[in-house]
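Take a look at the letters that make up each chain.
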Amino acid sequence: MKLVYVFDAYCGWSHGFSGTLSEVASHHPELPVEVVSGGLFTGSRRVPVREFGHVQGANAKIAELTGAEFGEAYERLIADGSFVMDSEAAARGVAALRQAAPARAVELAIALQRAFYVDGLSLSEAATYRNVAEEAGLDADAVVTAFEGSEVRVAAGADFHRSASLGVTGFPTLLAVDGDSVTAVAHGHGTADEIDQRLAALPTH
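**Student:** Any chance you could explain the overall build of the protein chain here in plain terms?
**Tutor:** Across its full length, the protein chain holds nine helices and four strands. For 205 residues, the compact-globule estimate of 2.2 N^0.38 gives 17 Å, and the protein chain sits close to it at 16 Å. Its C-alpha atoms give the protein chain principal-axis dimensions of about 50 × 35 × 30 Å. With 205 residues in all, the protein chain has 50% of them scored as buried. Considering only contacts within the protein chain whose residues lie at least 6 apart along the sequence, 76% involve residues at least 24 apart. Carbon and sulfur atoms provide 50% of the accessible area of the protein chain, an area that totals close to 9,600 Å². Within the protein chain, one finds 14 positive and 27 negative side-chain charges whose respective centroids are separated by 5 Å.

Next comes the structure, spelled out in structure tokens:
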């Protein structure tokens, strides 16, 4: 069995789930975690943040419910409403980081969300991936080269397709996948204890 974490780096609820995800991964070192980008802001949804009037209200609720931090630099970035959240660029970045350190995909996905929601860095900029890679002790040049290359465009498209094929309709979603059996163990938010209980109730093969 493995866990599949379907999220979007530009999704506030995914940011709010970071602590739970980290806890679940540490509780279950025997379960590999596949990190998949879901593609929240693509196509016609790739518009200035002012088009989504609910963002700040939603963030306040996320912070209250999960304790997630939304930094001043992030608040400044989105304050004038012109910033465009581009999930395809973010998915390319996730793929570039994942490629550099596959076993650290969870940690890197969480770090990327902090770069946006706390440090106010755009996930469309190569410099952001250089920062995240350097802080994680990875080859930053290789990560930036990958982010700007064509392979990660293919990987981002494959992630969006995988998310859809798993039937995921909202982010974050944490799935337990065992062969052909796919069970959602968290959707939107949840505590590590709740997820542990759901995992323990699953039939073992």
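Now, onward.
**Student:** Could you clarify how one ought to interpret the pairing of strand β1 (residues 2-7) in this entry?
**Tutor:** Along a regular strand, successive side chains alternate from one face of the sheet to the other. Taken across its six residues, β1 has five buried, putting it largely inside the fold. In terms of handedness, the path from β1 via helix α1 (residues 12-27) over to strand β2 (residues 33-37) forms a crossover that is right-handed.

**Student:** Sorry if this is basic, but what is going on with the packing of helix α2 (residues 55-66) against helix α3 (residues 72-79) here?
**Tutor:** Geometry of a packed helix pair, given as the angle between the helix axes and the separation of the axes. In contact at an axis separation of 12 Å, α2 and α3 are set at 165 degrees when each is read in the N-to-C sense. The angle between α2 and α3 falls in the class roughly antiparallel. Regarding α2 and α3, the two cross each other, and that crossing is right-handed. Residue-level contacts link Val55, Gln56 and Asn59 of α2 to Tyr74, Glu75 and Ile78 of α3. The residue inventory of the contact of α2 with α3, partitioned by class, reads three nonpolar, two polar and one charged.

**Student:** Sorry if this is basic, but what is going on with the sheet that holds β1 here?
**Tutor:** The pairing of strands in a sheet comes from backbone hydrogen bonds and takes either a parallel or an antiparallel form. Spatial ordering of the open sheet is given by β2-β1-β3-β4, a layout of four strands whose pairing is mixed. Each edge of the open sheet is held by one strand with a lone partner, namely β2 and β4 (181-187). Taken over all neighbouring pairs, the strand axes of this sheet differ in orientation by 25 degrees on average, direction set aside. As judged from the five bridges shared by β1 and strand β3 (residues 173-178), these two strands associate in the antiparallel manner. Bridge pairing in β3 places lysine 2 opposite valine 177.

**Student:** Just checking my understanding: could you explain the nonpolar core for this structure?
**Tutor:** Across soluble globular proteins, nonpolar side chains have a tendency to be buried as a group. Ranked by internal contacts, the top residues of the largest apolar core, which has 58 residues, are Val35, Leu97 and Leu174. In terms of residue count, helix α5 (residues 105-117) provides more of this core than any other element does, nine residues in total. Those residues in contact with leucine 97 that lie beyond four places of it in its chain are Leu108, Leu112, Tyr129, Val132, Ala133, Leu138 and Val143. Counting residues in hydrophobic clusters, the runner-up holds nine residues, among them Cys11, Val36, Val168 and Val177.

**Student:** What should I look at first to understand α2 in this one?
**Tutor:** Along an α-helix, a turn takes 3.6 residues, which lines up residues three or four apart on a common side. Across its 12 residues, α2 extends 16 Å between first and last C-alpha, which sits within 8% of the 16 Å expected from 1.5 Å per residue. Burial in α2 covers these residues: Val55, Asn59 and Ile62. One face of α2 carries all of its buried residues, which in axial projection span an arc of 60 degrees. Counted as exposed and oriented over 90 degrees from the buried face of α2: Gly57, Lys61 and Glu64. For α2, the elements touching its buried residues are α1 and α3. Just past α2, the residue glycine 67 takes up positive phi, approximately 80 degrees.

**Student:** I keep staring at the packing of aromatic side chains and nothing clicks. Help me out?
**Tutor:** How two aromatic rings sit relative to each other is set out by the distance from centre to centre and by the angle between their planes. A complete count under the given rule lists 12 aromatic pairs for this structure. Look at tyrosine 5 and phenylalanine 7: their rings are 5.3 Å apart centre to centre, the planes differ by 20 degrees, and that puts the pair in the stacked class. By relative accessible area, phenylalanine 7 is classed as buried at 0%. Counting every residue linked through ring pairs, the aromatic cluster contains Tyr10, Phe70, Tyr74, Phe83, Phe116 and Tyr117.

About the cut-offs
Residues numbered from 1 in each chain as written. Predicted model: local features only at pLDDT ≥ 70, side-chain atom pairs only at ≥ 80, totals over all residues. Heavy atoms only, no water. Helix = DSSP H or I, 4+ residues; strand = E, 2+ residues; numbered from the N terminus. Rg over C-alpha atoms; globule rule 2.2 N^0.38 Å. Buried < 20%, exposed > 50% of the residue type's maximum accessible area, 1.4 Å probe, protein only. Contact = heavy atoms within 4.5 Å. Areas by Shrake-Rupley, 256 points an atom, 1.4 Å probe, with all protein chains shown as cover. Lys, Arg positive; Asp, Glu negative; His and termini not counted. Charge placed at Lys NZ, Arg CZ, Asp CG, Glu CD. Right-handed = clockwise from strand over helix to strand, strands pointing away. Axes fitted to C-alpha atoms, helices over the stretch in contact; angles between N-to-C directions. Parallel < 35°, antiparallel > 145°, perpendicular 65-115°, else oblique. Left-handed = near helix turned anticlockwise from the far one by under 90°. Nonpolar A, V, L, I, M, F, W, Y, C, P; charged D, E, K, R; others polar. Pairing = 2+ DSSP bridges. Core = buried A, V, L, I, M, F, W, Y, C linked by side-chain atoms within 4.5 Å. Expected span 1.5 Å × (residues − 1). Arc of directions from axis to C-beta. Phe/Tyr/Trp six-rings, centres within 6.5 Å; stacked < 30°, edge-to-face > 60°.

That is the geometry; function is a separate question.
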